[in-house]
Structure formats: structure tokens, C-alpha cells
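# Residue-level structural notes
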Amino acid sequence: MKTIAVLTSGGDAPGMNAAIRAVIRYGIHKGCKVYGISRGYKGLIEGDLAEVDLRSACDIIHRGGTILRTARCEEFMTEEGRRQAATVLRVFGVDGLVVIGGDGTFKGARELAKLGVNVVGIPGTIDNDLPYTDYTIGFDTAINTVLDAIGKIRDTSSSHERISIIEVMGRNCGDIALYAGLAGGAEEVVIPEKGQDMEKIFRELLESKSRGKKQSIIILSEGVGEAHELEKQIKEKTKMDSRSTVLGHIQRGGSPSAFDRILATKMGATAVELLIQGKTARVIGIRNNMIFDMDVEEALGVIKKFDSETYELIDILAN
Ligand code: F6P
């Protein structure tokens, strides 16, 4: 019998629970003993793990957040912290570890693998900022949350004939803004990959006003600028009325979409299979609708190709 453990680390993402459920239930189905580690790498270092059973995965597939809870852990950034984590796994007799999270989590997995830990990573982050995979768990739910907000803001924005700026999450990746912007019919998306060209925004708003358009939606990716600041500048430069909304952490919560649950479930089962086969330092992804795995180091080195076609399409359709 193999002993495996699972943890979630970094920012939570809808669908993490579906992945945890798959790891627990598929692992037990394959005859494994399964541990759940609380609060990510922090809990691992502190030895905060407990054996889970089939019932531990009851009623969680539809829930946002992570039942294992999560943390961002400074101590794990140190060699000493990682050695302590590896020791805890050895003491509990863990042969394989599944980590669910974003690129910080994967960097941690890479380092643990160097210390001889068998580890497999599942991409869980709303940001979709892991370029080796087409999708990360949580991204689809997050853009649907943003889309719902765009629809509601659009109602009031058009009633008042205003410019509405909606600030979304994404850290250094504009995917949430880009794809929610495309689906929500936004006039402008401001994303880190393109930077902030204020003059272009003012010019386009004035041009659309002269064509008789009275309302516009601007999706602003966090980090490129401040929504309230952009609101002020638009008022000043275009004399058009504007309002801003920062969506914040509502984007990280909520029941996962069908897409995220399916992705998470398939990835969870694949992670267990890989560990049973004795594989290590692998991460799981989806490309062209196929689940695959690759070396963690290689995955972290993949450079994101900017989807300029989508960006340009938003511009064309904004007319
Ligand atoms: O990585 C997910 C994410 O939600 C980013 O989009 C955002 O920049 C960050 O986490 C916010 O982190 P915290 O919840 O720690 O403030």
C-alpha cells in the first residue's frame, strides 16, 4: 500500500475541493492510505496532517475555497523549512505528495523533489498564469463571476450613460480581464501584457461618444493601474461621467463551474496515478482538451504566448 498526502497552497481557487475529493477517493480506491495536510506548506512544516477517509470528501465537490485551508508560507522559502517539510513526510511514511496551487506552489514542489520527495502538482489558481497549461482550476469560475458583475454594472451604467471601470484580479496575468472582457462585450481591456495607454483610452472613448455611444465598460487588470485613479482621469480628460468598481475577493469564491469541477476531478485522479507509478516532479495540465503531465522545471520555464487575436477582436467589436 502507498501512502499519499494532499495539500492546497497559495491563493484558494474554486474547484480545489473537487480536486481534493478526487485525490482522496481515487487514492483510497487504489488501496492508498491518504493524508490531508492543513494550511499548505505551513501546515506541512508544522506536521499538521491527518488521515482522511471516504467520508472526508462528502459534500465538497460543489464548494468554493478549500477544506484543507491554505496559506502563503515564508518559512518554506528557506532550505531549512523545506528540509523540515521533507522530514515530516518521512516521519508519517508518506510516499507521494499532491500539491494544488499556482506557480509559487510549483516552485516549492520542485524544491521538495530535489530533496527526494515524490511530488505531483495540480494547477489551481484563478489567474490562469501557468503557461504550460491551457487552463488552471478556478479560472473558468472566476471569469464567470466577473461576467456576472459586468452584466449587473452594465445595467446601471447604461441607465446613467456612464463609463464603468471594473478592476479584476490576475496579478501579472491579464487573462481574467481579457476573457471576461471578451465575453462581457467590454469596450476596453487594460492588461499587464499591453500596459496602460491612457491616451488611446481617452481617444477611443471620445470617438465612440461622437458616434453616439453613451456607455462603455473598461476592464482593468489589477497592478496596471488603480480603478479610482482611472475614473478620475476619464472625468477630467473626456468630461464623461464615470464610476469604478474593484471586484476583489468575490472572484476567488463561489461554487466551481462544471468545467472547473471536471478539470479538477480528472487532474486529481491523474495525480494519484502518477504517484502510484512512482513518478515525481511532474505537473498536470490540459492542452487541446487532453490531460497530460510534464516535468515541473520544464513547465515553470514555459513562456506565455500573448493572445493578441483576442485583444484585437475586443477592440474591433467595441465599435
Ligand atoms: O493568485 C490569486 C490572486 O487572487 C491574485 O489574482 C491576487 O493578486 C492575489 O491572489 C491576492 O492575494 P491575497 O488574497 O493574498 O491578497
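These figures come from a predicted structure and were not determined experimentally.

Another point: the overall build of the protein chain. In terms of regular secondary structure, the protein chain is built from 11 helices and 11 strands. Relative to the globule expectation of 20 Å for 319 residues, the C-alpha radius of gyration of the protein chain, 22 Å, shows essentially globular dimensions. Taken over the C-alpha atoms alone, the protein chain extends approximately 70 × 35 × 35 Å along its principal axes. Across the 319 residues in the protein chain, those meeting the buried criterion constitute 52%. Look at the contacts in the protein chain between residues 6 or more apart in sequence, and 74% of them connect residues 24 or more apart. A total of about 14,100 Å² of accessible surface is found on the protein chain, and carbon and sulfur atoms cover 49% of it.

The next point concerns the pattern of salt bridges. Overall, the coordinates contain 23 salt bridges when judged by the stated rule. Glu46 serves as the salt-bridge partner of Lys42, at 3.5 Å between the closest nitrogen and oxygen. Judged by relative accessible area, Lys42 falls into the partly exposed class, the value being 33%. The partner of Glu231 in a salt bridge is Lys235, with the nearest N and O atoms 2.8 Å apart. Of this pair, Glu231 and Lys235 are both found in helix H8 (residues 227-238), 4 residues apart, which corresponds to roughly one turn of the helix. For Glu231, a relative accessible area of 13% gives the class buried.

Here the focus is the sheet that holds strand E9 (residues 242-246). Strand order in the open sheet made by the 4 strands is E7-E8-E6-E9, with parallel pairing throughout. The two strands at the open ends of the sheet, each matched to only one other strand, are strand E7 (188-190) and E9. With strand direction ignored, the average angle separating the axes of adjacent strands in the sheet is 20 degrees. As paired elements, strand E6 (residues 163-168) and E9 share 5 bridges and run parallel to each other. Paired with Ser164 across the bridge in E9 is Arg243. Its contacts with the sheet place helix H5 (residues 139-160) against E6, strand E8 (216-221) and E9, and it is angled at close to 160 degrees to E6.

Following the criterion strictly, the structure yields 0 disulfides and no others. Here Cys32 is not disulfide-linked; the sulfur of Cys58 is the nearest cysteine sulfur, at 19 Å. By relative accessible area, which is 7% here, Cys32 ends up buried. Take Cys58: its relative accessible area is 32%, and that puts it in the partly exposed class.

What counts as what
Residues numbered from 1 in each chain as written. Predicted model: local features only at pLDDT ≥ 70, side-chain atom pairs only at ≥ 80, totals over all residues. Heavy atoms only, no water. Helix = DSSP H or I, 4+ residues; strand = E, 2+ residues; numbered from the N terminus. Rg over C-alpha atoms; globule rule 2.2 N^0.38 Å. Buried < 20%, exposed > 50% of the residue type's maximum accessible area, 1.4 Å probe, protein only. Contact = heavy atoms within 4.5 Å. Areas by Shrake-Rupley, 256 points an atom, 1.4 Å probe, with all protein chains shown as cover. Salt bridge = Lys/Arg side-chain N within 4 Å of Asp/Glu carboxyl O. Pairing = 2+ DSSP bridges. Axes fitted to C-alpha atoms, helices over the stretch in contact; angles between N-to-C directions. Disulfide = S-S within 2.5 Å.

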